[in-house]
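A structural walkthrough
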Amino acid sequence: MTYRLDTGIQTSTVYLDSTNCVTRSPYYQYNLATGITCPTGVRILLSVAGVSLPNVINNVTEYNNTFSIQANHSAELTNYTITFPVGIYSAWTWRDYLNSQFVARGIPVNCIYDTQSFRYKFVSQYDFHIRNTEAHPTTCGHLIGVAKNNNNQYIYPINATVPYWSIVMPSTVNFAPTPFIFLKMSNINLSNINSFGDINDSLLRFPVNCDYGQMIQYRPTELNKFLIQSSNINTIQIHLEDVYNNPLAIPSGAELQVILKIEYIYPPPAQDYDAGTIPHFYKMNPITSVEEDLTED
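Below you will find a few notes about this structure.

Here is what the cut-offs are and how they apply
- Residues numbered from 1 in each chain as written.
- Predicted model: local features only at pLDDT ≥ 70, side-chain atom pairs only at ≥ 80, totals over all residues.
- Heavy atoms only, no water.
- Pairing = 2+ DSSP bridges.
- Helix = DSSP H or I, 4+ residues; strand = E, 2+ residues; numbered from the N terminus.
- Contact = heavy atoms within 4.5 Å.
- Axes fitted to C-alpha atoms, helices over the stretch in contact; angles between N-to-C directions.
- Polar contact = N/O pair within 3.5 Å; in protein donor to acceptor, adjacent residues only side chain to side chain.
- Buried < 20%, exposed > 50% of the residue type's maximum accessible area, 1.4 Å probe, protein only.
- Lys, Arg positive; Asp, Glu negative; His and termini not counted.
- Salt bridge = Lys/Arg side-chain N within 4 Å of Asp/Glu carboxyl O.

Now for the sheet that holds strand 8 (residues 128-130). In spatial order, the strands read 5-4-8-9; together these four strands make up an open sheet with antiparallel pairing. Of all strands in the sheet, those bounded by a partner on one side alone are strand 5 (78-83) and strand 9 (158-159). Where strand 4 (residues 66-71) meets strand 5, six bridges bridge the pair, whose relative direction is antiparallel. Note on strand 5: the bridge partner recorded for Thr66 is Thr83. Across the sheet, helix 1 (residues 91-105) lies against strand 4 and strand 5, angled at about 140° from strand 5, the strand it touches most.

Structure (structure tokens):
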């Protein structure tokens, strides 16, 4: 929606730097010495003019760092769950850590990364399969290339095939941590809707537009403005989430900069919810009925 700035009140800019926040978890909180005050009779328009964040996002987090396998190399089937330390992995370092755990635990399986097809392959001289259960979860499905069904669920178990017991992952690896980041504001009600149709507190979604170690710089070409109900803002609470609705996994020392733009408008005039429809037209322009004279001459 386009708003007309008709109040004559000067636009304000708030520069938020996480080096100056009072708390960093579970959100960045800023206590403003000079609060944002909305004069009587006008409303606040809030928008994000820019975001800066170093791209040091962990692609293996506490939400996707488990791998479970069931092997049949002993008298009975044995379940193993391998937990990866949180950090930044490549397809090669993830493979190497997994193979080191296979050796340390005596699991006769080897993980191979095919640089031609960008897929993992698991081989063994014994029957085995990759599983995902409550007791033995595999949460790294999108990293290692697990297929999905028509209901958008990962397909488990993944069984090894003969003649030599092996599994070729159905999809390519994907070690990108998140293609987009959601900037959310905790203490102000917003009306954005996510993929589930839920109203959430997302203020902005911006892309991860650089390589690891570089600086994510985002300047929207068109500002998405929100009409705020609050008349006074003395505290700002913001946090970051990835596309899986999990808190963004970045080191505690990574600094976030956000530029907020504060504008003022007069409240828009009230309008009927059905304006522009045929029933609304007839409601506003009723047809006057004319009584017929049934008297005979």
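A few words on the environment of Ser186. Tracing the backbone through its elements, the reader meets Ser186 in the loop between strand 11 (180-185) and strand 12 (192-193). With residues up to four places along the chain from it excluded, the contact list for Ser186 reads Tyr27, Asp201, Gln237 and His239. Of note is the side chain of Ser186, whose polar atom sits 3.1 Å from the side chain of His239.

Let's shift gears to the side chain of Arg131. Here Arg131 lies in the loop between strand 8 and helix 2 (141-144). For the buried Arg131, no salt bridge is present, and the opposite-charge side chain at shortest range is Asp127, 12 Å distant. For Arg131, the side chain forms a polar contact with the side chain of Asn79, separated by 2.8 Å. Setting aside its immediate chain neighbours within four residues, Arg131 contacts Ser68, Gln70, Asn79, His136, Pro137, Thr138, Tyr156 and Pro157.

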